[in-house]
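Structure assessment
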Amino acid sequence: MVTERSVSIVIPTYIGTAEGRDLLDVQLDALTRQDYSGEFDVVIADNGSPTEVKSHIENHPLRDRLTLRYVDASGTSGAAFARNVGADNATGEILLFCDHDDRVYPNWVSRMVAFLDEGYDLTCSAVEGDSLNTDNPRHVANIPAPDKFQPAGVYAPVIVGTSMACRAEVYRKLGGQDVSYAANEDLEFGWRAHREGYRLGYLAEALVAYRYRQGFRPGYRQGRSRGIGLARLNAEFPNNGLPEIHLPEVLLRMIRLPFARGLVGEERGLMIGLAVGQFRGGLRHRTLHWV
């Protein structure tokens, strides 16, 4: 029965400002509104936040209601390391992962657990970018609709760490996520799981509201890391179904995007960063096609 499953929710966390703590509280409040009939605990894996997160969690008004725990995950920078530390400290037989600055839907836990129990080892859901970004909308680089969220023809389902469910024993057998990835570590984890014979699934519902970065620089940093990660994935999972990286097309994007009209700052930064990352990563991992 779903209600008998032991569940731990791991939230990799890096908070630099008081506003960031407020965003975490939005996510924690959303977790109190779940329609899941079983019990779950919440593990905050702090990846070296410069602000005081430990005392915020240990004195949090929702600590008992959510069985909220703080763990120090500051050894290595990155969400992959924080997720791994959180998973190591989790007690649930099912691990759910979400991010501290998003907001899960009220049926997120129940649907993720039930879907995993349909016969999967690792799953993710779609996310939506509308409800949390009314003041910071994208006009071109929008998150795809749930029925378009998975790219066509890919090697295996694309897993996203912002809404992920995994059997704890499987997560640990795989050694967790690869901490050498600055981004796309979730996608690599899923494809590695598929290669090892585990069953991947995708739940085509928008169960998590995703929050965009604010401003050009954060968008650029995120895009650059993703671009490098995509180039590396093409090396480690050849013929994976994602688009190949072609030098003329990447250079054209790098030239045109700074002057493209109708883009907000975060969106422009994301798209330029993605092109720069694909160029750098394509050279580094020898997956850049010259024609």
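Residues numbered from 1 in each chain as written. Predicted model: local features only at pLDDT ≥ 70, side-chain atom pairs only at ≥ 80, totals over all residues. Heavy atoms only, no water.

Under an unreviewed UniProt entry, the protein has the name Glycosyltransferase family 2 protein and belongs to Nocardia iowensis.

A few words on the pattern of salt bridges. Tallied over the entire structure, the rule returns 13 salt bridges. The closest approach of N and O atoms between Glu-185 and Arg-83, which form a salt bridge, is 2.8 Å. Within this pair, whereas Glu-185 is found in helix H7 (residues 185-195), its partner Arg-83 is found in helix H4 (residues 79-89), the two being separated by 102 residues in sequence. For Glu-185, a relative accessible area of 6% corresponds to the buried category. Looking at Arg-83, the relative accessible area reads 3%, which means it is buried. Of the charged contacts in the structure, one is a salt bridge between Arg-167 and Asp-117, with a shortest N-O distance of 3.7 Å. Here Arg-167, found in strand S7 (residues 163-167), pairs with Asp-117, found in the loop between helix H5 (108-116) and strand S6 (122-128); they are 50 residues apart in sequence, far enough to count as distant. (Salt bridge = Lys/Arg side-chain N within 4 Å of Asp/Glu carboxyl O. Helix = DSSP H or I, 4+ residues; strand = E, 2+ residues; numbered from the N terminus. Buried < 20%, exposed > 50% of the residue type's maximum accessible area, 1.4 Å probe, protein only.)

Turning our eyes to something else, we now look at the nonpolar core. Ranked by internal contacts, the top residues of the largest apolar core, which has 64 residues, are Ile-9, Leu-28, Val-42, Leu-96 and Trp-108. Ranked by the residues each element gives to this core, the list is headed by H5, at six residues. Leu-263, Leu-270, Ile-272 and Val-276 belong to the second-largest nonpolar core, a separate cluster that totals seven residues. (Core = buried A, V, L, I, M, F, W, Y, C linked by side-chain atoms within 4.5 Å.)

Here we take up the UniProt feature "domain: Glycosyltransferase 2-like" (unreviewed entry) in the protein. On the UniProt side, "domain: Glycosyltransferase 2-like" (unreviewed entry) is annotated at positions that read residues 8-174 here. With 30% helix and 22% strand, the stretch residues 8-174 has end C-alpha atoms that lie 18 Å from each other. (UniProt positions renumbered as here; feature names shortened; annotations may be inferred.)

For the rest of this paragraph, the subject is the pairing of strand S8 (residues 200-209). Judged by how many residues are buried, S8 sits mostly within the fold: seven of ten residues are covered. Relative to S8, strand S5 (residues 103-104) runs antiparallel, the two being bridged by two bridges. Bridge assignment links Val-104 to a residue of S8, and that residue is Val-208. In the sheet, S6 pairs with S8 via seven bridges, with the strands oriented parallel. Its bridge partner being in S8, Leu-122 is matched across the sheet by Leu-200. (Pairing = 2+ DSSP bridges.)

A few words on unusual backbone geometry. Positioned with a positive phi, Asn-239 is a non-glycine residue whose angle comes to about 55 degrees. Mapped onto the elements, Asn-239 comes out in the loop between helix H8 (216-236) and strand S9 (245-246). A positive phi angle is found at Arg-286, which is not glycine, with a value near 60 degrees. Note on placement: Arg-286 falls in the loop between helix H10 (265-285) and strand S10 (288-289). For Arg-286, a relative accessible area of 80% gives the class exposed.

Turning to the sheet that holds strand S4 (residues 94-98), a few remarks are in order. If you trace the eight strands from one edge of the open sheet to the other, you get S3-S2-S1-S4-S7-S6-S8-S5, paired in mixed fashion. The sheet is open, and its two edges are formed by strand S3 (68-72) and S5, each paired on a single side. Bridge count between S4 and S7: five bridges; the pairing is antiparallel. What sits directly across from Leu-95, in S7, is Cys-166. The strands touched by H4 are strand S1 (7-13), strand S2 (40-46), S3 and S4; relative to S1, the strand with the most contacts, the crossing angle is about 150 degrees. Against the sheet, H5 makes contact with S1, S2, S4, S5, S6, S7 and S8, and its axis sits at roughly 175 degrees relative to S8, the strand it touches most. (Contact = heavy atoms within 4.5 Å. Axes fitted to C-alpha atoms, helices over the stretch in contact; angles between N-to-C directions.)

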